[in-house]
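What follows is the residue order along each chain.
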Amino acid sequence: MAGIVTRFAPSPTGPLHLGSAFAALFAERAAREAGGMFLLRIEDLDFTRCRPEHEAAILEDLAWLGIAWDGPVRRQSEHLSDFAQALERLHGQGVVYPCFCTRGDVLRAATAPHGPEGPVYPGTCRHLDAATREARIAAGHGHAFRLDLARALALTGPLGWTDRDAGPQTARPELFGDIVVARRDIGTSYHVAVVVDDALQGVTLVTRGEDLFAATHVQRVLQALLGLAPPAYHHHRLILDDAGQRLAKRAPSATLGGLRATGQTPAQVRACLGFA
Ligand code: GLU
């Protein structure tokens, strides 16, 4: 597969831990083996959780581990207009609606089935008429925007995507329901930003942990709506602790900084992750 482009896309919400180091090494190797390019993207949209000092530490840890990315780092917070344009396109297609519900409202909708990201939105605000929506917005009620999945699928028809490991998949966005495409605080969402950036950066192979496998179902719908070519995917295993649990992000024994402080070398860390 010549010409492949992969990326590592950490959110700077904490120090780099072994799980993310594995993801970075995996993406770099996939690119290098194919003579392709490996990009670094900092997913720092969520200003409530992301910190510049975490980004600085991540870049330092990657360099310490001997990981070299191609081209400049793309920082999502510097490209909000790209996501706004995507949102406008979705508005133009009539597949989004304002949602005034708080997180508490959604959690209290006890009948809602649970999806990969928590309760599936019960559709409360989808049923509001235009006059009510306008009145609430005019009265200054905070709102997010959600994807009207049924309308979206009426436009896209059935979709699929391919995982290099798991093979061809039928997209199952109904697992997520009407996802938020623009959060009330940041005006966009992870799912929108990730598909827009992967396309703008020319990423052809998305490698990431299998915890994001299900997210691809809904990201595929956004790609179809936005006219973006779907990349191939390779969802890889997660690094677990001795008890078989996902690594706690801040446990010093799992962070690269913590391992470095105990005298581990980059070669030892790479070897322990299977990248000797
Ligand atoms: N920023 C996401 C994370 O740190 C990864 C997103 C992706 O690879 O699509 O979990």
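Now for a description of the structure that goes with this document. (Residues numbered from 1 in each chain as written. Predicted model: local features only at pLDDT ≥ 70, side-chain atom pairs only at ≥ 80, totals over all residues. Heavy atoms only, no water.)

Here we look at the side chain of Thr 255
And then number 1: By secondary structure assignment, the location of Thr 255 is in the loop between strand E12 (232-236) and helix H9 (256-261).
And then number 2: A relative accessible area of 6% means that Thr 255 is categorised as buried.
And then number 3: A polar contact of 2.9 Å, which involves the side chain of Thr 255, links it to the backbone nitrogen of Gly 258. (Helix = DSSP H or I, 4+ residues; strand = E, 2+ residues; numbered from the N terminus. Buried < 20%, exposed > 50% of the residue type's maximum accessible area, 1.4 Å probe, protein only. Polar contact = N/O pair within 3.5 Å; in protein donor to acceptor, adjacent residues only side chain to side chain.)

A word on the site of the ligand
And then number 1: Residues in contact with the ligand, as listed here, are Arg 7, Ala 9, Pro 10, Ser 11, Glu 43, Tyr 190, Val 194, Arg 208 and Leu 212.
And then number 2: Separating a nitrogen atom of the ligand from a backbone N or O atom of Ala 9 is a distance of 2.7 Å.
And then number 3: Arg 208 places a side-chain nitrogen or oxygen 2.8 Å from an oxygen atom of the ligand.
And then number 4: With the chains in place, 76% of the 300 Å² that the ligand exposes on its own is no longer accessible.
And then number 5: Here the shell around the ligand is composed, by residue class, of five nonpolar, one polar and three charged. (Near = heavy atom within 4 Å. Areas by Shrake-Rupley, 256 points an atom, 1.4 Å probe, with all protein chains shown as cover. Nonpolar A, V, L, I, M, F, W, Y, C, P; charged D, E, K, R; others polar.)

Brief notes about the packing of helix H3 (residues 80-92) against helix H7 (residues 190-200)
Geometry of a packed helix pair, given as the angle between the helix axes and the separation of the axes.
And then number 1: Closest axis-to-axis distance for the H3/H7 pair is 10 Å, and the angle between their directions is 110°. Here H7 runs roughly perpendicular to H3, going by the angle between their axes. Within the contact between the two elements, H3 uses Asp 82, Phe 83, Ala 86 and Leu 87 and H7 uses Val 192, Ala 193, Val 196, Asp 197 and Leu 200.
And then number 2: Its residues assigned to classes, the contact of H3 with H7 comprises seven nonpolar, no polar and two charged. (Axes fitted to C-alpha atoms, helices over the stretch in contact; angles between N-to-C directions. Parallel < 35°, antiparallel > 145°, perpendicular 65-115°, else oblique. Contact = heavy atoms within 4.5 Å.)

Observations regarding the pairing of strand E7 (residues 144-147)
And then number 1: Bridge analysis of strand E4 (residues 96-99) against E7 gives four bridges, and the strand direction is antiparallel. Its bridge partner being in E7, Tyr 97 is matched across the sheet by Arg 146.
And then number 2: For E7 and strand E10 (residues 180-182), the ladder comprises two bridges, and the chain directions are antiparallel. By the bridge assignment, Phe 145 is partnered in E10 with Ala 182. (Pairing = 2+ DSSP bridges.)

Brief notes about the nonpolar core
And then number 1: If you look at the biggest cluster of nonpolar residues, it comprises 34 residues, and the most contacted ones within it are Leu 90, Leu 147, Val 181 and Leu 222.
And then number 2: If near-sequence neighbours (up to four positions away) are discounted, Leu 90 is found in contact with Val 95, Val 96, Val 181, Leu 222, Leu 225 and Leu 226.
And then number 3: Phe 22, Ala 31, Phe 38 and Val 269 belong to the second-largest nonpolar core, a separate cluster that totals 26 residues. (Core = buried A, V, L, I, M, F, W, Y, C linked by side-chain atoms within 4.5 Å.)

Examining the environment of Leu 222
And then number 1: Residue position: Leu 222 is located in helix H8 (residues 215-226).
And then number 2: Expressed as a C-alpha distance, the spacing of Leu 222 and Ser 77, which sit 145 residues apart in the sequence, is 20 Å.
And then number 3: In contact with Leu 222, other than residues within four places in its own chain, are Leu 90, Leu 147, Ile 179, Val 181, His 191, Val 192 and Val 195.

Remarks on the sheet that holds E4
And then number 1: The three strands lie next to each other as E4-E7-E10, forming an open sheet whose pairing is antiparallel. Looking at strand neighbours, the two that pair on one side only are E4 and E10, the edges of this open sheet. Across the sheet, the mean angle separating the axes of adjacent strands is 45° when strand polarity is ignored.
And then number 2: Together, E4, E7 and E10 form the strand contacts of H3, whose direction differs from that of E10 by roughly 120°.

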